[in-house]
Amino acid sequence: MHSLGIAFDLLFGSPIILYSIIGLIWGIIGGSLPGISASITMALLLPFTYGMAPVQAIVLLACTYIGAEYGGSIPAILIRTPGTNSAAATVIDGYEMKRQGRAGEALGISLWSGVIGSLFGLLMLIMLTEPLSWVALAFKPTSYFALGILGLSVIASMTNGSLLKGLAAAVVGLMIATIGTDPISGVTRFTFGSPELLGGVEPVLIMIGVFAVSELMMQSGSKGLGGVSEQVRVRLPSLSMMNRLKRSQFIGCLLGTFEGLTPGGGGSIAAFLSYNEARRWSKEPEKFGKGSEEGVAAPETANNTVASAALIPLLSFGIPSSNSTAVLLGGLLIHGLLPGPRLFEQNADVVVGLYLGSFIATLAQILVGILLLPVCVWLVNRPRAYLAGFILALILSGIFTLNTSLADLGIALGMGLVGYLMRRAGYPLLPLILGVVLGHMVESSYRRSLLLSGGDHTIFLEDPIAVGLLLASFVFVTLSLVREFRDARNAKLKDAHA
Amino acid sequence: MRMRNSFAAMLAAAALTAATQVLAQAYPTKPINVIVPYAAGGNTDVVARIVLEHMGQTLGQQLTVENIGGAGGTTGSNRAAKATPDGYTILVGQMGTHGAAPALYPNLPYNPLTDFEHVSQLSDTPIAVFGKKTLPVNTLQELIALIKADPGKLNNGHGGVGSTSHVSCLLFTSMIGARPPQVAYRGSGPALNDLVAGVHDVMCDQIPHTVPQVIAGNIKAFAIATPERSAAIPNVPTTAEAGMPQFVASGWNAMFAPKGTPKPIVDKLAAAVDSALKNPATRKKLEDIGAVVPAKTGPDALRSLVASEIEKWTPVIKAAGVVGN
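Counting starts from 1 at the beginning of each chain's written sequence and moves along it residue by residue. Following the order in which they are written, the chains are lettered starting with A and the ligands numbered starting with 1. Only residues with pLDDT of at least 70 are given local features in this predicted model, and only at 80 or more are side-chain atom pairs given and counted; all residues enter the totals for whole chains, interfaces and linings.

**Observations regarding the overall build of chain A**
At step 1: Within chain A, the regular secondary structure consists of 22 helices and two strands.
At step 2: Values of the radius of gyration come from C-alpha atoms, whereas the globule rule sets the reference at 2.2 Å times the count of residues to the power 0.38. Expected size for 498 residues packed as a compact globule is a radius of gyration near 23 Å; at 22 Å, chain A falls within 12% of this value.
At step 3: Judged by the C-alpha coordinates and their principal axes, chain A covers about 75 × 60 × 50 Å.
At step 4: Taking all 498 residues of chain A together, the buried fraction comes to 59%.
At step 5: A separation threshold of at least 6 residues defines the contact pool for chain A, and within that pool the share at least 24 residues apart is 80%. Helix and strand definitions here come from DSSP, where helices need a minimum of 4 consecutive H or I residues and strands a minimum of 2 consecutive E residues; each element is numbered from the N-terminal end. Note on burial: count the other C-beta atoms lying within 10 Å of the residue's C-beta; 20 or more is buried, 12 or fewer is exposed, in between is partly exposed, and C-beta positions come from the backbone. The contact criterion used here is simple: two residues whose C-beta atoms, placed from the backbone, lie within 7 Å are in contact.

Listed below in structure tokens is the structure:
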């Protein structure tokens, strides 16, 4: 009741609505620019929060985070460039829908799913912060290793019919993940004396390279200058479509909450796992990869759920689960607020303000999306030659902003060539991305576990979470292999009958 | 002829000094870019932003933070060392980039002593020794006895090779003559998470991020390695009180400018730091996160601090055989 009073005071006695909406719009703009991550978008705002009241500053930053997580899907759908790491899975069906002239529909689905995800995460945050906060502590290095393996098991069902090619692509991804300073011993690996590679290769460079740059290369090989004629209007899903998306959104909500609670995530694993599970439980699994609406809804629900759920370990322990929540933690500390159980008692206005601001931003997302997106759709419907030049300039400047490093540009362009050659030779790109994103986590958690056990592998069997996740990975891989084998046999039988 | 040359040289020197003075008086005429060589939201970033906020008011220009992380903070520090020395690019470094780095990185592309103009120390962030809450000991001496009783049993978690949490525990364990197994994490946040969860046993770290955990009783704080107790966790004894006065360490933060930055500009920046640290609101913000306003500020004090820190950390790091690249 006391919280309700604070909420009313904030709503009518402070400019909290304004700050929520400004944060949301800024977040959507930053998140949709390739290379500018959610955390950079938030960090750019930090100096402007100095003079603000703490509650306004935190609302502004948190709403920027919500906006950026959603914004990342816009270029993923429209120009095959994930704006943030967690939007990589959205590229698969989102861009396919755009190619079919259904960009407005894809953007509508991602908008709707983002709202559902944010609301669900927010509900978890408000209702279950205390019981759920302990999940973060239950996750040990052994569990993270198993979670990484579970993520990698998705590869088995993303191989486009050739398991061998899929595995080869994944191995290349895992190899890229080993570049840089060894996370455990500090020895440098495959840096060839280059200081730029000491910190490893940022996954976003690989994603932009293999998805966006390779797409520009493919397009430059095709004839014609015309844009795609399609409706500019953003179409929110109809009631029957909302009904169809329910299942995939539910999967996204569950997996997104799970990843948000476990530090070290950041949204990409939940997005990929949700995509995979949505396909497994879908009534139309064959549409995935060919412009499936559920294929957009699942990862977009998941990564938006993560943005809200990640606030649970942050507020209860002061433990940031991603770079973005680390910036939010910085924002709290700069304003003299210490996260932890005492925050809820001593600064209830900040906590209630944060809930309220996030809620306002989530609802405003629909309105802002409907107003903002037609401009983006119009923009990507310009003649292809101009558009390609514009996209190249956009992604190169985005990458350069990341670290103001020319080496980063070289890596992204080089990976563009690798992606182009892989697509020409029929190698799937997603296993490579998963290898890059998860390689570091799998390797460092595995070695950290063995350091803790003194080299004894039975440590993995002593952790029930790890055992559960490893068993799940085994089941997923087996089911995928069986399905692939059955499909191949059915195709052969069909040929024989024909 | 020689006399005429000398006269010309004197005239040129006088003109240069006058020009620099004029330049410094006008400085700053545009926003100042401050490189923080770590990610946004981290300890150095937060300390920098708190001090810069007040400096902006004093100098009448905004000081904008550019986070350039990577390679233990040396990438951003190197970028600052090579920047134009006009006062518009400065660096907020710390113990890792300017104290431990020369020993950690044999190919360090900058010299912390000779490649910078030393502006001023910004804060001292005390280091403390922490343990998981289920450890059956309550004092530093009991912890030391426990570590030594079974040398391989207690694991020491840290935030990555060369991090403050890593090298400070190397100093601690070398002083007690032990070498517990090291478990590296990617940043002190995940390491702290696993200490709270009881996955590893002992950790040394700067206190800002650990204060909420200590207050909530999620971890044990055995001793703080500074001469004075911290206002943020006043119940935790100093290492001197706990019987180990030789273990003194803190993860300080300080401001540097590229070598060749005119002295009047360096002095103006140092004065702005000084005025920020004297401001009660800024002091309170620093103290709230567990940082301490340094006893000595200004260029000379910082220069001697950097020299003494390099001297302190180099033998510890070399003896442990730790290499950062």
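**Points about the interface of chain B and chain A**
At step 1: With 45 residues of chain B at the interface, the matching set in chain A holds 43 residues.
At step 2: Of all the elements in the fold, those that place two or more residues in the side of chain B that touches chain A are α2 (43-59), β2 (63-67), β7 (182-184), α7 (188-196), α8 (211-215) and α10 (280-288) of chain B.
At step 3: In this classification, the charged set is Asp, Glu, Lys and Arg, the nonpolar set is Ala, Val, Leu, Ile, Met, Phe, Trp, Tyr, Cys and Pro, and all remaining amino acids, among them Gly, are polar. Classifying every residue of the side of chain B that touches chain A by side-chain character gives 23 nonpolar, 16 polar and six charged.

**Description of the sheet that holds strand β10 (residues 253-258) of chain B**
The pairing of strands in a sheet comes from backbone hydrogen bonds and takes either a parallel or an antiparallel form.
Residues and elements named next belong to chain B.
At step 1: Taken in spatial order, the five strands of this open sheet run β2-β1-β3-β10-β4, and their pairing is mixed. The open sheet terminates on both sides in strands that have one partner only, identified here as β2 and β4 (116-123). The mean angle between the axes of side-by-side strands here comes to 30 degrees, regardless of whether they run parallel or antiparallel.
At step 2: Pairing of strand β1 (residues 32-36) with strand β3 (residues 89-94), which is carried by three bridges, proceeds in the parallel orientation. Paired with N33 across the strands is T89, a residue of β3.
At step 3: Fitted lines through C-alpha atoms give the axes, limited to the stretch in contact for helices. The angle between two N-to-C directions lies from 0 to 180 degrees. Of the strands in this sheet, β1, β2, β3, β4 and β10 touch α2, which is tilted by about 165 degrees from β2. Should DSSP find at least two bridges between two strands, the strands are regarded as paired.

**Some details on the domain arrangement of chain B**
All names here are of chain B.
At step 1: An automatic or database domain assignment is the source of the domain bounds shown. According to the domain assignment, chain B consists of domain 1 (2-125 + 251-320) and domain 2 (127-224).
At step 2: At the junction of the two partners, domain 1 supplies 16 residues and domain 2 supplies 13 residues.
At step 3: Sort the elements by how many residues they give to the side of domain 1 that touches domain 2 and helix α11 (residues 299-320) lands first, with five residues.

**What about the pairing of β10 of chain B?**
Along any regular strand, the residues point their side chains to alternate faces of the sheet.
Residues and elements named next belong to chain B.
At step 1: For β10, the tally of buried residues reaches six of six residues, placing the bulk of the element in the interior.
At step 2: On β10, burial covers both faces: N253, M255 and A257 on one face and A254, F256 and P258 on the other are all buried.
At step 3: Examined bridge by bridge, β3 and β10 share four bridges and lie antiparallel to one another. Looking at the pairing, L91 lines up with F256 of β10.
At step 4: In this sheet, β10 lies alongside β4 in antiparallel orientation, the contact comprising six bridges. Bridging across to β10, E117 finds its partner in A257.

**Some details on the confidence of the model for chain B**
At step 1: Values of pLDDT, the confidence the predictor places in each residue, fall between 0 and 100. Here chain B averages 88 in pLDDT, while 91% of its residues score no lower than 70.
At step 2: The ipTM for the predicted assembly is 0.74, set against a pTM of 0.79.

**Brief notes about the nonpolar core**
General note: in soluble globular proteins, nonpolar side chains tend to be found buried as a group.
At step 1: We define the nonpolar core as any set of buried residues of the types Ala, Val, Leu, Ile, Met, Phe, Trp, Tyr and Cys, connected via C-beta atoms lying within 7 Å of each other. Among the nonpolar cores identified, the biggest contains 259 residues, and I433 of chain A together with V273 of chain B are the most heavily contacted of them.
At step 2: Counting contributing residues per domain, this core is built from domain 1 (2-125 + 251-320) and domain 2 (127-224) of chain B, each supplying no fewer than three.
At step 3: Those residues in contact with V273 of chain B, other than ones at most four positions away along the chain, are V51, M55, V119, S120, L122, M255 and T297 of chain B.

**Details of the environment of Q94 of chain B**
Residue and element names in this part refer to chain B.
At step 1: Position of Q94 relative to the elements: it lies in strand β3.
At step 2: For Q94 and K296, which are 202 residues apart along the polypeptide, the C-alpha to C-alpha distance reads 16 Å.
At step 3: Excluding residues that lie within four positions of it along the chain, Q94 makes contacts with T44, G251, W252, N253 and A254.

**Quick word on the environment of G51 of chain A**
Residues and elements named next belong to chain A.
At step 1: Relative to the assigned elements, G51 resides in the loop between α3 (38-45) and α4 (54-71).
At step 2: Judged by the 9 C-beta atoms lying within 10 Å of it, G51 falls in the exposed class.
At step 3: Sequence spacing of G51 and A168 is 117 residues, and the spatial spacing of their C-alpha atoms is 53 Å.

**Some words on the packing of helix α2 (residues 16-32) of chain A against helix α17 (residues 348-380) of chain A**
Residue and element names in this part refer to chain A.
At step 1: Between α2 and α17, the shortest axis-to-axis distance is 8 Å and the interhelical angle comes to 55 degrees. One finds that α2 runs oblique with respect to α17. Crossing of α2 against α17: the hand is right-handed. Across from I16, I17, Y19, S20, I21, G23, L24, I25 and I28 in α2, the residues of α17 making contact are G353, L356, G357, I360, A361, A364, Q365, V368 and L372.
At step 2: Looking at side-chain class alone, the contact of α2 with α17 contains 13 nonpolar, five polar and no charged residues. Convention used here: angles under 35 degrees read as roughly parallel, angles over 145 as roughly antiparallel, angles from 65 to 115 as roughly perpendicular, and any remaining angle as oblique. Crossing handedness is read from the near helix: turned anticlockwise from the far helix by less than a right angle, it gives a left-handed crossing, and turned clockwise, a right-handed one.

**Re helix α6 (residues 88-99) of chain A**
Residues and elements named next belong to chain A.
At step 1: What a helix is expected to span follows from its residue count: subtract one and scale by 1.5 Å. With twelve residues, α6 should reach 16 Å at 1.5 Å per residue; the first-to-last C-alpha distance of 17 Å fits that figure.
At step 2: The buried count for α6 comes to eleven of twelve residues, which makes it a mostly enclosed element.
At step 3: Residues of α6 that are buried include every one of A88, A89, T90, V91, I92, D93, G94, Y95, E96, M97 and K98, and no others.
At step 4: Where the residues of α6 are buried, they touch α5 (73-79), α7 (103-138), α10 (203-220), α12 (268-281), α13 (293-309) and α20 (430-453).
At step 5: Where α6 ends, the next residue or the one after it, G101, has phi of about 80 degrees, a positive value.

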